[in-house]
Amino acid sequence: MATMKSVRTGTRNRIDLVEVERPAPGPRDALVRVRACGICGTDAFFLHLGGMPAGTDGSTRSIPLGHEPAGEIVEVGAEVAGLAVGDRVVVNPQGVASGIIGCGGEHGAMSEYLLLEEVEVGRTVAVFPDTVPFDVASLNEPMAVARHCVNRSGATATDKVVVFGAGPIGLGVTIWLKLRGVRHVVVADVIPERLETALAVGADAVIDSGTEDVTARLTELHGPAANALGQPRAGTDIYIDAAGAAAVFNATVDAAKWGARLVMVAVQKKGADLDLGGMLRSELTLIASQGYPTEIFEVTPELVEHHERFARLISHRVPFHEAERAFESAMTPGAAEKVVVTFTDPS
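All residue numbers refer to position in the chain's written sequence, counted from 1. It should be noted that, the model being predicted, local features are given only for residues of pLDDT at least 70 and side-chain atom pairs only at 80 or more, the latter also being counted only at that level, while totals for whole chains, interfaces and linings use all residues. For the side-chain quantities, the full set of heavy atoms in the structure was used; hydrogens and water were omitted.

1. Considering the overall build of the protein chain
Phase 1 of the analysis: For the protein chain, the helix and strand inventory stands at eleven helices and 19 strands.
Phase 2 of the analysis: Here the C-alpha atoms of the protein chain give a radius of gyration of 21 Å, agreeing with the 20 Å that 2.2 N^0.38 yields for 347 residues.
Phase 3 of the analysis: Taken over the C-alpha atoms alone, the protein chain extends approximately 70 × 45 × 30 Å along its principal axes.
Phase 4 of the analysis: When each of the 347 residues of the protein chain is scored for burial, the buried share is 54%. In DSSP terms, a helix is any run of H or I states spanning at least four residues, a strand is any run of E spanning at least two, and both are numbered starting from the N terminus. Radius of gyration: C-alpha atoms only; globule rule: 2.2 Å multiplied by the number of residues to the exponent 0.38. With a 1.4 Å probe rolled over the protein chains alone, any residue whose accessible area is under 20% of its type maximum counts as buried; one over 50% counts as exposed, and the rest are partly exposed.

2. Side note on the side chain of Glu-337
Phase 1 of the analysis: Here Glu-337 shows up in the loop between helix H11 (323-331) and strand S19 (339-342).
Phase 2 of the analysis: His is not counted, nor are the chain ends; Lys and Arg add positive charge and Asp and Glu add negative charge. The salt bridge definition used is simple: a Lys or Arg side-chain nitrogen within 4 Å of an Asp or Glu carboxyl oxygen. Lacking a salt bridge, the buried Glu-337 has Arg-194 as its closest oppositely charged neighbour, with an N-O distance of 4.8 Å.
Phase 3 of the analysis: At a separation of 3.5 Å, a polar atom in the side chain of Glu-337 contacts the side chain of Thr-197.
Phase 4 of the analysis: Whether two residues touch is decided by their heavy atoms; if any such pair falls within 4.5 Å, the residues are in contact. Aside from chain neighbours lying at most four places away, what touches Glu-337 is Pro-168, Leu-171, Glu-193, Arg-194, Thr-197, Leu-313 and Ser-315. By the criterion applied in these results, polar contacts are pairs of N or O atoms within 3.5 Å in which, for protein atoms, one can donate a hydrogen and the other can accept it, and in which residues neighboring in sequence qualify only through two side-chain atoms.

3. Structural notes on the nonpolar core
Phase 1 of the analysis: Ranked by internal contacts, the top residues of the largest apolar core, which has 48 residues, are Val-163, Val-173, Leu-177, Val-187, Ile-240 and Phe-310.
Phase 2 of the analysis: Those elements giving two or more residues to this core turn out to be helix H2 (134-137), helix H3 (140-153), strand S10 (160-164), helix H4 (168-179), strand S11 (184-189), helix H5 (192-200) and strand S15 (238-241).
Phase 3 of the analysis: Here this core gets six residues from one element, more than from any other, and that element is H3.
Phase 4 of the analysis: Here Val-163 is in contact with Gly-170, Val-173, Thr-174, Leu-177, Val-185, Val-186, Val-187, Ala-188, Ile-240 and Ala-242, once residues within four sequence places are set aside.
Phase 5 of the analysis: Buried Ala, Val, Leu, Ile, Met, Phe, Trp, Tyr and Cys residues form a nonpolar core when they are joined through side-chain atoms within 4.5 Å. Counting 36 residues, the second largest nonpolar core, distinct from the first, contains Leu-65, Leu-83, Val-125 and Val-339.

4. Topic: the state of the cysteines
Phase 1 of the analysis: Any two cysteine sulfur atoms lying within 2.5 Å of each other are counted as a disulfide. Applying the stated rule across the entire model yields zero disulfides.
Phase 2 of the analysis: Take Cys-37: it sits in no disulfide, and the sulfur closest to it among the cysteines is that of Cys-40, at 9.8 Å.
Phase 3 of the analysis: Cys-37 sits in the buried class, given a relative accessible area of 0%.
Phase 4 of the analysis: With no disulfide partner, Cys-149 has as its closest neighbouring cysteine sulfur the one in Cys-40, 15 Å distant.
Phase 5 of the analysis: Cys-149 sits in the buried class, given a relative accessible area of 0%.

Encoded structure:
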């Protein structure tokens, strides 16, 4: 029996690196040798729980992790069209029959090999050229999340935008906004190194929200405006929450002019007491952004074209045999921006 190594949830906040049977593709399937896989906040969420919730008693079950892979095709079923051995691919983790890859489904991409059932180019995978490193290609899935956020925002070239949170999603949002031609994009965060990265990927200005008055700084950058009662506010058109912190909502309500929009793409870490009266006075529109209904492979050509820009989002590249260290870095607040696990040829 051929085997492979795979990362699963272990005890709370720990991974298990286990030996499992290497999957064999059927006639409509393909097998991918994983070359790189990013670590997502969702992975950390399952690790904090100790696995996938399994019942009302608080029990959990161990699950394979990883849903941000890039790799190469090593086996193709006889009935598969449009794919060949050696093709370099990115994967839609929601495009397989056995459940979402790495989020409770049968398979996880933080493994040496990944089975893609009933594979279909344009639905399950997209092929990318060898000009793009595998680690950068593994950003395809989170950059689809960021792209959907920008699409939901309705941002146009004349808008003035602030992005709260300079993690991978916030930085991805910043890149997509600038590639769309948005006039002025500000990024706010409390970590100076992340703000430096924001400027490097194209932000027009940054705000250290831990030390600066956000409303005053936005007014300086985007000009003065008012809410529905004529009270002074910043001229910012769109606020994007890529931080998942209650303080973002408070800062937005404090600064929002009449008709501003707030797009929530981050998972909220805890509930917030919303100032509904403040939202009313600004007629603030709250827009939720979840996943990537259509964007998963729409982003791939631009990721390829601008791969050197997107590469700046990766702060740590860690070999698979040091997966435990990779997850520790990803789960330590402020220790890393984007951690990508890289794979060599399995022996």
